[in-house]
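Structural description and commentary
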Number of protein chains: 4
Amino acid sequence: MSETNWTTSITKTAAGELRVRGYAITDMIARLSFAQTVFLILKGQLPTEAEARMMEGLLVSSIDHGITPPSNLAARTVLSGGNSLNAAVAAGILTIGDSHGGAIEQCARILQEAVVAGEDAATLVRRLKAAGKRMPGYGHRIHARDPRSNALLELADQCGFTGPHIRLAAALMEELERGTDKKLPLNVDGAIAAVISEMGFDWRLGKGFFIIARTPGLVAHVFEEWTTQKPMRKLGPLGGEYAGPADREIP
Amino acid sequence: MSETNWTTSITKTAAGELRVRGYAITDMIARLSFAQTVFLILKGQLPTEAEARMMEGLLVSSIDHGITPPSNLAARTVLSGGNSLNAAVAAGILTIGDSHGGAIEQCARILQEAVVAGEDAATLVRRLKAAGKRMPGYGHRIHARDPRSNALLELADQCGFTGPHIRLAAALMEELERGTDKKLPLNVDGAIAAVISEMGFDWRLGKGFFIIARTPGLVAHVFEEWTTQKPMRKLGPLGGEYAGPADREIP
Amino acid sequence: MSETNWTTSITKTAAGELRVRGYAITDMIARLSFAQTVFLILKGQLPTEAEARMMEGLLVSSIDHGITPPSNLAARTVLSGGNSLNAAVAAGILTIGDSHGGAIEQCARILQEAVVAGEDAATLVRRLKAAGKRMPGYGHRIHARDPRSNALLELADQCGFTGPHIRLAAALMEELERGTDKKLPLNVDGAIAAVISEMGFDWRLGKGFFIIARTPGLVAHVFEEWTTQKPMRKLGPLGGEYAGPADREIP
Amino acid sequence: MSETNWTTSITKTAAGELRVRGYAITDMIARLSFAQTVFLILKGQLPTEAEARMMEGLLVSSIDHGITPPSNLAARTVLSGGNSLNAAVAAGILTIGDSHGGAIEQCARILQEAVVAGEDAATLVRRLKAAGKRMPGYGHRIHARDPRSNALLELADQCGFTGPHIRLAAALMEELERGTDKKLPLNVDGAIAAVISEMGFDWRLGKGFFIIARTPGLVAHVFEEWTTQKPMRKLGPLGGEYAGPADREIP
């Protein structure tokens, strides 16, 4: 068996040289934002100005969700067992599965397939109901209206992402709430799914977007655990209390 | 034992509300870049313009290093075993240890302690040599001069980060290469260590910077493995070949 | 939301007391073998003598497969990056996915469902072929006849496990090889699947059996890497060479 | 750089053949217990009868500790996020760090170094106190007397392991409790450390023993979570209740 089949289109490495998708890392350091670089490495090309702006918002939106997510619980638990920061962050990322952040991938897949098939919201909802399936990306454990979804959709609108995937996502919300008292708002997973679909990303990158966005949050939690808490303490999702800066405005 | 001791200063969560270090997530989505948000969540305050610009470059610099790093090998191997994207990325992050990316943390610690103690480069090198220790953050397996270090230091200079940590890092290079033919350039780990120290970050965040910066690269590699390669293939660090876009310039 | 819903039927813990599935740990230490205890904790009851003997063989069979499996590559790579033994072993277990060890679970599920449905080998193979699916648990990358399968089936026979799941697994091999030159022997995954199904284990424990059996092998590889190799070395699946004890016989 | 330096002394693999430390896997399946095989793969030689018996007890002793350990919390949390059994077990193993199971390694190291140096209990305790260090392997969060330690030491006595490491461990307990009301019993980590040191295992295998022993417990917890609980539930270490079989006796 040959090992020479490891072909990659991502990065070229040679002595004194490093090029990501063809661009020199030195130029990238001098001229690109991190979000632009994330777009480049995932998509294979530089973003337009609108794509770059949207990318910033997408990544900002999921940076953290406080003490409640299971990924933060797992990450802090691993650190508390006497392990390194990278092992703890890895445990957090391990936790991001089909039921935690996975709705991005599932929702994006449905939106992308429906748009290709020319299916409208009513038909799609009927088909899902007939199959006994829930539509992922709608509803939230904590938020009746997820503040992040609106902010993302407004930004998408400003950036000119107003195509079929986003229109379908909006139509689905109306359709899902029709004839029921239950609130089924587009949540942040659903909003990200709609926007990345509109931007032409493969649905299989859904979890990847969440992981990239959430990693700084995991690092912050693990660092806080490391530098302020005792090892092997009793950790649970209910006892936490916020003791950080008071509400303030970006100047 | 009480569970109520989970105090956090990072993020406040309530129904319909989410504030990171005091700032509303909706405002952050509308107005901040991802790198600014990373600075905010790690440091607890918004970056100045210079800090924000530096942050972009820091994160861009480590986004990927092609097929050679062990973290990419581990991540692709886990995917190839028939696992999910998040498990594969977690394996990559698990690999980022004391010998892979760990020099940032080690070098930053030494720089920060030396600056506090007022130790100069010559004294520091003598002390390390007497203890039989190498100075982390200098030298590279592949690059004689690491192109990323220069680009980062130039950017730091432009942004006005020219203080004692960066001066010490530069002086150390001269000192380490004195009386030897061996090239011991400041590598990218060392440059990041010098810059984040200058920016006032705790050395214990060293691995965290590398993990945040490298996660998009890991996602790209895992996605490429998932969508273009066969499961359970023979993976090694030597057989890879770059087959992506030709060299090109940022317009 | 209440946290009191963490009900477990596995182990009772109190000050000075520890009981697994109702049995005192002190009695277990004094009187049970490790394999008996594994049976107990997975099945909820003590094994018969035949079940205990079979359990030993099942776990022995998968303890290691040398340098070739991706799980050993990932585990040694993580250690080589400068990480702890537990992080490295965790990376190995992360690698054990649908394409690596996963055939146990997949094969056991098919066998269990076919036996419940009263489906015979010929019908099952026709159904799989019509659906364009391969039968998991048959064929091997390296072994034309997997030495472990025969040894396990002989042991099963001696222990009196000769029921419908094992008969179906044997009939499937004949059926799959009918009219083809290709060898599709029952491999070790398939043999384990047949035996644990015969012993009444849920197919969802398939990967669990492999993980329990392989963990000592992973520990041995990680320990060998730690104590005999340099950090950050180039690791691949092809360059390894066996340099251990010569062939010998159990006295 | 050459990849041919992957030398291993563990397992020889060839078509139709598999030998662990020189012994054919087929003979091992037919004749060895799992615990004997674990000894073989870690030590490089077959155990005597006494070593084999001791090995069973060592592995049985740490198979599980109910809902309280952080490793079970992390493992169940990862499963609850919608991930596979192997990812969840990996998270559990990730948690086993310097503060959770790590005392085996730390205690074994101290015992082995003290025996080599001919240091007695009183001197060792004085030296640790002078350095402001605690002796690992003594004391327990929950148990005043750890029932597992006594059972292990009794078994060790029966098996003839009565050498200097075990004598030192016993003497240390008296020494540590001298002049204090605090109970500092040898806990299960300390007992394992003493016994494996007596059996000639390298202290760097300490965490490995715990990982091998605990993996079946992790599999049982993850399987229970998977098959009986809802995804994304609130998991904490305090709300659990034992609802399994009543106390019973091994017949």
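All of these numbers come straight from a predicted model, not from anything done at the bench.

**Re helix α4 (residues 70-80) of chain A**
- Burial runs high along α4(A): 11 of the 11 residues are buried.
- Buried residues of α4(A): A:P70, A:S71, A:N72, A:L73, A:A74, A:A75, A:R76, A:T77, A:V78, A:L79 and A:S80, and no others.
- Next to the buried residues of α4(A) lie α5 (85-95) and α11 (206-228) of chain A, β1 (7-8) of chain B together with α4 (70-80) and α5 (85-95) of chain D.
- Just beyond α4(A), the residue with positive phi is A:G82, at close to 95°.

**Some details on the interface of chain B and chain C**
- At the junction of the two partners, chain B supplies 29 residues and chain C supplies 29 residues.
- Counting the surface lost from both chain B and chain C, the interface buries some 2300 Å², and carbon and sulfur atoms represent 62% of this.
- Looking at the side of chain B facing chain C, the largest losses of area belong to B:L94, B:M232 and B:K234, adding up to 27% of the total buried there.
- For the pair chain B and chain C, the interface holds 0 salt bridges.

**Digging into the packing of helix α2 (residues 34-43) of chain D against helix α3 (residues 49-61) of chain D**
Residues and elements named next belong to chain D.
- Put simply, α2 and α3 touch, their axes get as near as 9 Å, and they point 100° apart. In terms of their interaxial angle, α2 and α3 are classed as roughly perpendicular. Together, A35, Q36, V38 and F39 of α2 and E51, A52, M55, E56 and L59 of α3 make up the contact between the two elements.
- When its residues are assigned to classes, the contact of α2 with α3 shows 6 nonpolar, 1 polar and 2 charged.

**Looking at the relation of the copies chain B and chain C**
- Mapping chain B onto chain C calls for a rotation angle of 180° and an axial translation of 0.0 Å; the resulting RMSD is 0.0 Å. Such values leave the two copies arranged in the relation of a two-fold axis. For chain B, the residue whose C-alpha comes nearest the rotation axis is B:G236, separated from it by 2.0 Å.
- A shared binding surface is used by both copies, with 100% of the interface residues of chain B retained as interface residues in chain C.

**Quick notes on the pairing of strand β2 (residues 11-14) of chain C**
Residue and element names in this part refer to chain C.
- Sheet topology places β2 next to strand β3 (residues 17-20); 4 bridges connect them, and they run antiparallel. Paired with K12 across the two strands is R19, which belongs to β3.
- A loop of 2 residues connects β2 with β3, the two strands running antiparallel in sequence, and G16 in this loop sits at a positive phi of about 75°.

**Quick word on the sheet that holds strand β2 (residues 11-14) of chain B**
- Reading across from one edge, β2-β3-β4 (chain B) is the order of the 3 strands in this open sheet, with antiparallel pairing throughout. Every other strand in the sheet has two partners, leaving β2 and β4 (23-24) of chain B as the edge strands with one partner each.

**Some words on unusual backbone geometry**
- Its identity is not glycine, yet A:M232 carries a phi of approximately 55°, on the positive side.
- Mapped onto the elements, A:M232 comes out in the loop between α11 and β5 (241-242).
- A positive phi angle, near 50°, is found at C:R21, a position not held by glycine.
- Relative to the helices and strands, C:R21 is located in the loop between β3 and β4 (23-24).
- What makes C:R21 buried here is its relative accessible area of 11%.

**Here we look at the interface of chain C and chain D**
- Contacts between chain C and chain D engage 110 residues on the former and 111 residues on the latter.
- When the two sides are added together, the surface that chain C and chain D hide from each other amounts to roughly 10000 Å², 67% of it contributed by carbon and sulfur.
- At the surface where chain C touches chain D, the tally comes to 4 salt bridges.
- Taking the shortest distance from any N to any O, the salt bridge between D:D247 and C:R19 comes out at 3.5 Å.

**A few points about the packing of helix α5 (residues 85-95) of chain C against helix α11 (residues 206-228) of chain C**
Residues and elements named next belong to chain C.
- One way to put it is that α5 packs onto α11 with a least axis distance of 9 Å and a crossing angle of 135°. Classed by the angle they form, the pair α5 and α11 counts as oblique. For the pair α5 and α11, the sense of crossing is right-handed. Contact residues: α5 offers L85, A88, V89, G92 and I93, while α11 offers I211, T215, L218, V219, V222 and W226.
- Grouping the constituent residues of the contact of α5 with α11 by class yields 9 nonpolar, 2 polar and no charged.

**Some points on the packing of aromatic side chains**
- Within this structure, the stated rule accounts for 10 aromatic pairs over all chains.
- Seen in terms of ring centroids, A:F34 and B:F34 are 5.9 Å apart; in terms of plane orientation they differ by 10°. Their pairing is stacked. Taken as a pair, A:F34 in helix α2 (residues 34-43) and B:F34 in helix α2 (residues 34-43) lie in two separate chains rather than in one. With respect to burial, A:F34 and B:F34 carry one shared label: buried.
- With a centroid separation of 5.5 Å and 80° between ring planes, the pair formed by D:F39 and D:F201 is classed as edge-to-face. Here D:F39, found in helix α2, pairs with D:F201, found in the loop between α10 (188-198) and α11 (206-228); they are 162 residues apart in sequence, far enough to count as distant.
- Residue D:F201 is classed as buried on the basis of its relative accessible area, which comes to 2%.
- By way of ring pairs, the aromatic residues A:F39, A:F201 and A:F209 are connected into one cluster.
- Between the NZ or CZ atom of D:R204 and the centre of the ring of D:W203, over which it lies, the distance is 5.9 Å.

**Topic: the pattern of salt bridges**
- For the coordinates displayed, the defined rule picks out 52 salt bridges over all chains.
- Between A:R76 and A:E224 there is a salt bridge; the shortest N-O distance is 3.1 Å. You can see A:R76 sitting in helix α4 and its partner A:E224 sitting in helix α11, a full 148 residues away along the chain.
- The class for A:E224 is buried, based on a relative accessible area of 9%.
- One salt bridge in this structure joins A:E225 and A:R76, with 2.8 Å as the shortest N-O distance. Pair noted here: A:E225 is in helix α11 and A:R76 is in helix α4, with a separation of 149 residues, a long-range link. You'll find A:E225 and A:R76 in the same group, each marked buried.
- Among the charged side chains, a salt-bridge network with shared partners connects A:K12, A:E17, A:R19 and B:D247.

**So, the domain arrangement of chain A**
Residue and element names in this part refer to chain A.
- Each domain of chain A was delimited in the assignment, giving domain 1 (10-47) and domain 2 (49-232).
- For domain 1 versus domain 2, the distance between C-alpha centres works out to 26 Å.
- Listed as interface residues are 9 residues of domain 1 and, on the opposing side, 12 residues of domain 2.
- Here domain 1 packs against domain 2, burying approximately 920 Å² in sum over the two surfaces, 76% of which is carbon and sulfur.
- At the junction of domain 1 and domain 2, the tally comes to 0 salt bridges.
- Applying the counting criterion to the domain 1 and domain 2 interface returns 2 residue pairs in polar contact (both at pLDDT 80 or more).
- Along the lines of polarity and charge, the residues of the side of domain 1 that touches domain 2 split into 6 nonpolar, 2 polar and 1 charged.

**Here we look at the confidence of the model for chain A**
- For chain A, mean pLDDT is 93; residues scoring 70 or higher make up 97% of the total.
- Two summary scores accompany this predicted model of the complex, namely pTM at 0.96 and ipTM at 0.96.

Basis of the calculations
- Residues numbered from 1 in each chain as written.
- Chains lettered and ligands numbered in written order.
- Predicted model: local features only at pLDDT ≥ 70, side-chain atom pairs only at ≥ 80, totals over all residues.
- Heavy atoms only, no water.
- Buried < 20%, exposed > 50% of the residue type's maximum accessible area, 1.4 Å probe, protein only.
- Helix = DSSP H or I, 4+ residues; strand = E, 2+ residues; numbered from the N terminus.
- Contact = heavy atoms within 4.5 Å.
- Buried area = accessible area lost by both parts, 1.4 Å probe.
- Salt bridge = Lys/Arg side-chain N within 4 Å of Asp/Glu carboxyl O.
- Axes fitted to C-alpha atoms, helices over the stretch in contact; angles between N-to-C directions.
- Parallel < 35°, antiparallel > 145°, perpendicular 65-115°, else oblique.
- Nonpolar A, V, L, I, M, F, W, Y, C, P; charged D, E, K, R; others polar.
- Least-squares fit on C-alpha atoms with pLDDT ≥ 70 in both.
- Pairing = 2+ DSSP bridges.
- Left-handed = near helix turned anticlockwise from the far one by under 90°.
- Phe/Tyr/Trp six-rings, centres within 6.5 Å; stacked < 30°, edge-to-face > 60°.
- Lys NZ or Arg CZ within 6 Å of the ring centre and 35° of its normal.
- Domains from an automatic or database assignment.
- Polar contact = N/O pair within 3.5 Å; in protein donor to acceptor, adjacent residues only side chain to side chain.
- pLDDT = per-residue confidence, 0-100.

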